[in-house]
Amino acid sequence: MPAGAFIALEGGEGAGKSTQGGLLATHLRARGREVVLTREPGGTPASEAIRAIVLSRDFEGLDPRAEALLFAAARGEHAARVIRPAVERGAVVVCDRYIDSSVAYQGYGRSLGAGPVRDLSLWATGHLLPDLTILLDVDPVVGLARLSNPDRLEAEPINYHRAVRDGFLELAANDPSRYLTLDASGDVSEIAQAIADRVDVALATVAAE
Ligand code: TYD
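Note that the coordinates shown come from a computational prediction; the quantities given were computed from them, not determined experimentally.

> Break down the site of the ligand for me, with residues and values.
In the vicinity of the ligand lie 16 residues, with Glu13, Arg51, Ser102, Gln106 and Glu154 positioned nearest. In this structure, an oxygen atom belonging to the ligand sits 2.6 Å away from a side-chain N or O atom of glutamate 13. Contacts to the ligand include serine 102, whose side-chain N or O atom sits 2.5 Å from an oxygen atom. Isolated, the ligand exposes 550 Å² of accessible area, and the fraction of that covered by the protein chains is 85%. Among the secondary structure elements, those contributing two or more residues to the shell around the ligand are helix 2 (45–55), helix 3 (64–88) and helix 4 (99–109). Counting residues per element, the shell around the ligand draws most heavily on helix 4, which supplies 4 residues. A class-by-class count of the residues in the shell around the ligand yields 5 nonpolar, 3 polar and 8 charged.

Structural data, given as structure tokens:
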């Protein structure tokens, strides 16, 4: 049985994470791997129900701490029911957003602080962390222009999205061996190739451990 692995895709709005997640899954399946392609908030029925609450524009002005707790609750359920079992049976989990999204959006964007927000998700997930995080970096002006029909978080002002971007970049800069940061404004197939190459290295490293 191959060693399982956990890959997270992170980035601001309109960075192309879902496109790249799909391309990465295709690459890995062609190499014979079982891939679980999933997303946050979401990935289980209860977590998708929480997603509907946190993204709904019916709840403008939701208290930032309540928001952070809801994202962490969705993540705890997702980690326990989907991510951890899949990694344990040897699959590669490709997850569109994970803990870093909470640190960037709630910790930096909502000014709750990176430390407490990260600790909350570590507690919720029993310290389940990705083997590799791909950060698709995009100027929020460019990323937001790619969207239509903004949800509650996408509709936040540009300065909020700038703080989120700074948060992601700081997280990646602090731990370069566990991150690949790419300019998301580049060519889709070149980005996909860079991701595939880096993920192949990460899988070889995990297998050798
Ligand atoms: P997103 O992946 O952008 O969904 P879609 O592409 O369908 O719009 O994610 C939903 C939003 O939730 C996005 O604005 C980021 C935000 N978010 C947080 O604020 N904290 C979190 O912990 C997560 C996972 C997402």
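> Any details on the packing of aromatic side chains? Residues and values, ideally.
Scanning the entire structure with this criterion turns up 3 aromatic pairs. Measuring from ring centre to ring centre gives 6.2 Å for tyrosine 105 and tyrosine 160, while their planes differ by 55 degrees; the resulting arrangement is tilted. Within this pair, whereas tyrosine 105 is found in helix 4, its partner tyrosine 160 is found in helix 7 (residues 158–174), the two being separated by 55 residues in sequence. Under the relative-accessibility criterion, tyrosine 105 is labelled buried at 5%. For tyrosine 160, a relative accessible area of 6% puts it in the buried group. When the centroid spacing of 6.2 Å and the interplanar angle of 80 degrees are considered together, the rings of tyrosine 105 and phenylalanine 168 count as edge-to-face. One end of the pair, tyrosine 105, is in helix 4; the other, phenylalanine 168, is in helix 7, and 63 residues separate them in sequence. Following the ring pairs from residue to residue traces out a cluster consisting of Tyr105, Tyr160 and Phe168.

Calculation rules
Residues numbered from 1 in each chain as written. Predicted model: local features only at pLDDT ≥ 70, side-chain atom pairs only at ≥ 80, totals over all residues. Heavy atoms only, no water. Near = heavy atom within 4 Å. Polar contact = N/O pair within 3.5 Å; in protein donor to acceptor, adjacent residues only side chain to side chain. Areas by Shrake-Rupley, 256 points an atom, 1.4 Å probe, with all protein chains shown as cover. Helix = DSSP H or I, 4+ residues; strand = E, 2+ residues; numbered from the N terminus. Nonpolar A, V, L, I, M, F, W, Y, C, P; charged D, E, K, R; others polar. Phe/Tyr/Trp six-rings, centres within 6.5 Å; stacked < 30°, edge-to-face > 60°. Buried < 20%, exposed > 50% of the residue type's maximum accessible area, 1.4 Å probe, protein only.

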